[in-house]
Amino acid sequence: QVQVAESGGGLVQAGGSLTLSCAVSGHTFYRYGLGWFRQAPGKEREFVAAISWRSSTTYYGDSVKGRFTVSRDNALNTGTLQMNSLKPEDTAVYYCAVASDYGSARNVDADYDYWGQGTQVTVSS
């Protein structure tokens, strides 16, 4: 069974940083795109960042450009979302997602077929 496991969420003050990690396991497919989404209570799920299999392409949502950095280590089947200069509006549940049909970076949630359980990020002012 494919598993996507996230870690690193927590409470941080505005202006601080957090690093989220994503571990992918149990998969039989080879190349896959990796993405990050977030959802705040009462809000729709929002695209945050995505990275292609070879890390040749990255995409970022407008609200996080210049503050967040996405990366991956395919030897370890892990992904990382580095979040800097955090703002209260970044508060949300953050999800890691895998697109097994694509090696490219995808920015729509419908392209992803495996999702992590989500990890809470809370930014206080």
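Preceding this section is the structure that the text describes.
No experiment lies behind these values; they were computed from the predicted model shown.

Reading guide: rules and limits
- Sequence order as written defines the numbering, with residues in each chain counted from 1.
- Whole-chain, interface and lining totals are the exception, using all residues; otherwise, since this is a predicted model, local features are given only for residues with pLDDT of at least 70 and side-chain atom pairs are given and counted only at 80 or more.
- With hydrogens and water excluded, all non-hydrogen atoms of the structure serve as input to the side-chain values.
- Here a helix means four or more residues in a row that DSSP labels H or I, a strand means two or more in a row labelled E, and each is numbered from the N terminus.
- All radius of gyration figures rest on C-alpha atoms, and the globule criterion is 2.2 Å times the number of residues raised to 0.38.
- Relative accessibility under 20% of the residue-type maximum defines a buried residue, over 50% an exposed one, and the middle range a partly exposed one, all with a 1.4 Å probe and only protein chains included.
- Note on pairing: DSSP must find at least two bridges between two strands before they are called paired.
- Basic side-chain nitrogens of Lys or Arg form a salt bridge, by our definition, when they fall within 4 Å of a carboxyl oxygen of Asp or Glu.
- When two cysteine sulfur atoms lie within 2.5 Å, the pair is treated as a disulfide.

Colleague: Could you give an account of the overall build of the protein, naming the residues involved and the relevant values?
Modeller: Per the secondary structure count, the protein includes zero helices and eleven strands. Tracing the protein from N to C terminus, the helices and strands come up as β-β-β-β-β-β-β-β-β-β-β. The C-alpha radius of gyration computed for the protein amounts to 13 Å, which stays within 12% of the reference 14 Å derived for 125 residues, consistent with globular compactness. Evaluated residue by residue, the protein yields a buried proportion of 41% over its 125 residues.

Colleague: Tell me about the pairing of strand E5 (residues 46-51), residues and numbers included.
Modeller: Most of E5 sits inside the fold, with five of its six residues counted as buried. Relative to E5, strand E4 (residues 33-39) is paired through five bridges, and the arrangement is antiparallel. When the bridges of E5 are listed, Leu34 appears paired with Ile51. Inspection of the sheet shows E5 paired to strand E6 (residues 58-60) by three bridges, in the antiparallel sense. Across the sheet, Ile51 pairs through a bridge with Thr58, a residue of E6. Between the end of E5 and the start of E6, which pair antiparallel, lie six residues, with Ser55 showing a positive phi angle near 60°.

Colleague: An account of the pattern of salt bridges is requested, with residue identities and associated values reported.
Modeller: Under the definition given, this model contains six salt bridges. Close ionic contact of Arg38 with Glu46 constitutes a salt bridge, the shortest N to O distance being 2.9 Å. What makes Arg38 buried here is its relative accessible area of 5%. According to the relative accessible area criterion, Glu46 is partly exposed, its value standing at 32%. For Asp90, the salt bridge is made with Arg67, and the minimal N-O distance between the two is 2.7 Å. Placement of the pair is Asp90 in the loop between strand E8 (78-83) and strand E9 (92-99) and Arg67 in the loop between E6 and strand E7 (68-73), with a sequence separation of 23 residues. The exposure class assigned to Asp90 is buried, which follows from its relative accessible area of 1%. What makes Arg67 buried here is its relative accessible area of 10%. Taken together, the shared-partner salt bridges connect Arg38, Glu46, Arg67 and Asp90 into one network.

Colleague: Before we move on, can you summarise the state of the cysteines with the specific residues and values?
Modeller: One pass over the structure, following the stated rule, counts one disulfide. The disulfide partner of Cys22 is Cys96, and the S-S distance across this bridge is 2.1 Å. The sign of the S-S torsion, about -80°, decides the handedness of the disulfide formed by Cys22 and Cys96: left-handed. Of this pair, Cys22 sits in strand E3 (residues 18-25) while Cys96 sits in strand E9, and the two are 74 residues apart along the sequence. Look at Cys96 and you get buried, because its relative accessible area is 0%.

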